[in-house]
Amino acid sequence: MNIVTSNRIFLSQVPDKLASDEPFIFWDTCALLNLVRIPLIERKELTLNMLHSYEFLLNEIEMGHVQSIASEVVLSEFSHHVDNIVNQLHNQEQRIKDEVKSQTAYMANAQQANVISQKIEFLDVSNKVIKMVRKIWRKTYILRGQKSFATNADYRTRNYITPSRGKESYKDSYIWVSFISLLNKLQPTEICYFFTVNPADFAVDRKIPTLHPDLATEMPASGNVCFKVGILEGKIRAYIQNHP
């Protein structure tokens, strides 16, 4: 299954398709993968409210209120991992269906048991999140890879520079370098969001979801940048309401 297929728009070194006076989200891979993981029972930290937040973000992106951007590395990494998550969702749904059907055998009314067994076949939560993430990708600009990104990411990884300070994390470094490069070239005048759910590498630590000071020093002076660990729906909604 290839979730991220058609309608991708690739940006070269000069992102002339982007507006500097409109807010944008720059996705980390985990933030998009977590959308697909939300229905997984074992991921108890992922709630229905988070799904509603992603729905709100998708609507804002489709309405043209927020620009959606990702590095080419994010596209590649997402594509590499998403099929495994989708298979987990499908297997979970089948287990739930089989369990419900087995329990209906204990009902006194065979007709009711048959109705329940038929209705459970309509359970298809995985399809809902798959459709959502497909729509996000179709509206997401992809920042093409550059040799300078790779060189910088390699240097950070070999020298344990954040976000590779705790481990060798070339991809995280590459994504961050891509984001900073975009900020420097676009020089946005409106708020920009680096959206991740990975505080271990990008934040002060796992319990303090504030951008690591080593990364904060790399932020350009222009523009208003928001580092967000977790769902940023509330901040985006506040921005849209204050800037009709």
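Each chain carries its own residue numbering, running from 1 in the direction its sequence is written. For this predicted model, a pLDDT threshold of at least 70 governs which residues receive local features, and a threshold of 80 or more governs which side-chain atom pairs are given and counted, while totals over whole chains, interfaces and linings are taken from all residues. Based on all heavy atoms of the structure, the side-chain values leave hydrogens and waters out of the count.

A.B. asks: How would you summarise the packing of aromatic side chains if you had to cite specific residues and measurements?
C.D. replies: Planes of paired rings set the category: under 30 degrees apart is stacked, over 60 is edge-to-face and the rest tilted, where pairs are Phe, Tyr or Trp rings (Trp by its six-membered ring) whose centres lie within 6.5 Å. This structure, assessed with the given rule, holds 10 aromatic pairs. Consider the rings of Trp176 and Phe179, whose centres lie 5.5 Å apart with planes at 50°: the pair is tilted. Note that Trp176 and Phe179 are positioned in helix 7 (residues 170-186) at a spacing of three residues, about one turn of the helix. Note on Trp176: relative accessible area 0%, which makes it buried. Measuring from ring centre to ring centre gives 5.2 Å for Trp176 and Phe194, while their planes differ by 75°; the resulting arrangement is edge-to-face. Taken together, the residues span a long stretch of sequence, with Trp176 in helix 7 and Phe194 in strand 5 (residues 191-196) at a distance of 18 residues. Across the pair, exposure class does not vary: Trp176 and Phe194 are buried alike. Clustering of aromatic rings is evident, with ring pairs tying together Phe26, Trp176, Phe179 and Phe194. Put simply, DSSP marks the helices as runs of H or I at least four residues long and the strands as runs of E at least two long, and each gets a number from the N terminus on. A simple rule labels every residue: compare its accessible area, found with a 1.4 Å probe on the protein chains alone, to the largest value its type can have, and call it buried under 20%, exposed over 50%, or partly exposed in between.

A.B. asks: Quick rundown of the packing of helix 2 (residues 48-62) against helix 5 (residues 125-138)? Include the residues and the values.
C.D. replies: Relative to each other, helix 2 and helix 5 sit at 35°, their axes nearing to 10 Å. In the packing of helix 2 onto helix 5, the handedness of the crossing is left-handed. Residue-level contacts link Leu51, Tyr54, Glu55, Leu58 and Glu62 of helix 2 to Lys128, Val129, Met132, Lys135 and Ile136 of helix 5. As a working rule, the residues Ala, Val, Leu, Ile, Met, Phe, Trp, Tyr, Cys and Pro are called nonpolar, Asp, Glu, Lys and Arg charged, and the rest polar, with Gly in that last group. For the contact of helix 2 with helix 5, the residue count by class is six nonpolar, no polar and four charged. Axes here refer to lines fitted to C-alpha atoms; in helices the fit is confined to the stretch in contact. Angles between the N-to-C directions go from 0 to 180 degrees. By convention the crossing between two helices is left-handed if the near helix lies anticlockwise of the far one by an angle smaller than a right angle, and right-handed if it lies clockwise. Only heavy atoms matter for contacts: two residues are in contact if any of them lie within 4.5 Å across the pair.

A.B. asks: Give a description of helix 3 (residues 72-104) that names residues and reports values.
C.D. replies: Taking 1.5 Å as the rise per residue, helix 3 with 33 residues should run 48 Å; its terminal C-alpha atoms sit 48 Å apart, in good agreement. Think of it this way: the bend at a residue is just the angle between two axes, each fitted to seven residues, one set ending at that residue and the other starting at it. In the structure, helix 3 departs most strongly from a straight axis at His81, where the bend amounts to approximately 35°. The opening residue of helix 3 is Ser71, an N-cap whose side-chain oxygen sits 3.1 Å from the backbone nitrogen of Val73. To estimate the expected span of a helix, count its residues, drop one, and scale the result by 1.5 Å. Here a polar contact is recorded for every N or O atom pair within 3.5 Å, except that within protein the pair must consist of a potential hydrogen donor and a potential acceptor, and residues adjacent in sequence are included only if both atoms are side-chain atoms.

A.B. asks: Residue-level account of the packing of helix 1 (residues 29-37) against helix 5, with values.
C.D. replies: Two numbers describe how helix 1 lies on helix 5: the axes approach to 8 Å, and their chain directions differ by 155°. It follows from the interaxial angle that helix 1 and helix 5 lie roughly antiparallel. Within the contact between the two elements, helix 1 uses Leu32, Leu35 and Val36 and helix 5 uses Val129, Met132, Val133, Ile136 and Trp137. Looking at side-chain class alone, the contact of helix 1 with helix 5 contains eight nonpolar, no polar and no charged residues. Roughly parallel here means an angle under 35 degrees, roughly antiparallel means over 145, roughly perpendicular means 65 to 115, and every remaining angle is called oblique.

A.B. asks: Talk me through the side chain of Thr196; I want residue IDs and the actual numbers.
C.D. replies: In this structure, Thr196 sits in strand 5. At a separation of 2.6 Å, a polar atom in the side chain of Thr196 contacts the side chain of Asp28.

A.B. asks: So what's going on with helix 7? Which residues, and what values?
C.D. replies: In this model, helix 7 (17 residues) spans 24 Å end to end at C-alpha, consistent with the 24 Å of a helix rising 1.5 Å per residue. Counted residue by residue, helix 7 has 13 buried out of 17 residues, so it is predominantly covered. Positive phi appears at Gln187, one or two residues downstream of helix 7, with a value of about 45°.

A.B. asks: I'd love a proper account of the pairing of strand 5, names of residues and values included.
C.D. replies: Within strand 5, six of the six residues are buried, which leaves the element mostly enclosed by the surrounding structure. A two-sided burial pattern is seen for strand 5, the buried positions comprising Ile191, Tyr193 and Phe195 on one face and Cys192, Phe194 and Thr196 on the other. Where strand 2 (residues 24-27) meets strand 5, four bridges bridge the pair, whose relative direction is parallel. Bridge pairing in strand 5 places Trp27 opposite Phe195. Following DSSP output, two strands are said to pair if at least two bridges run between them.

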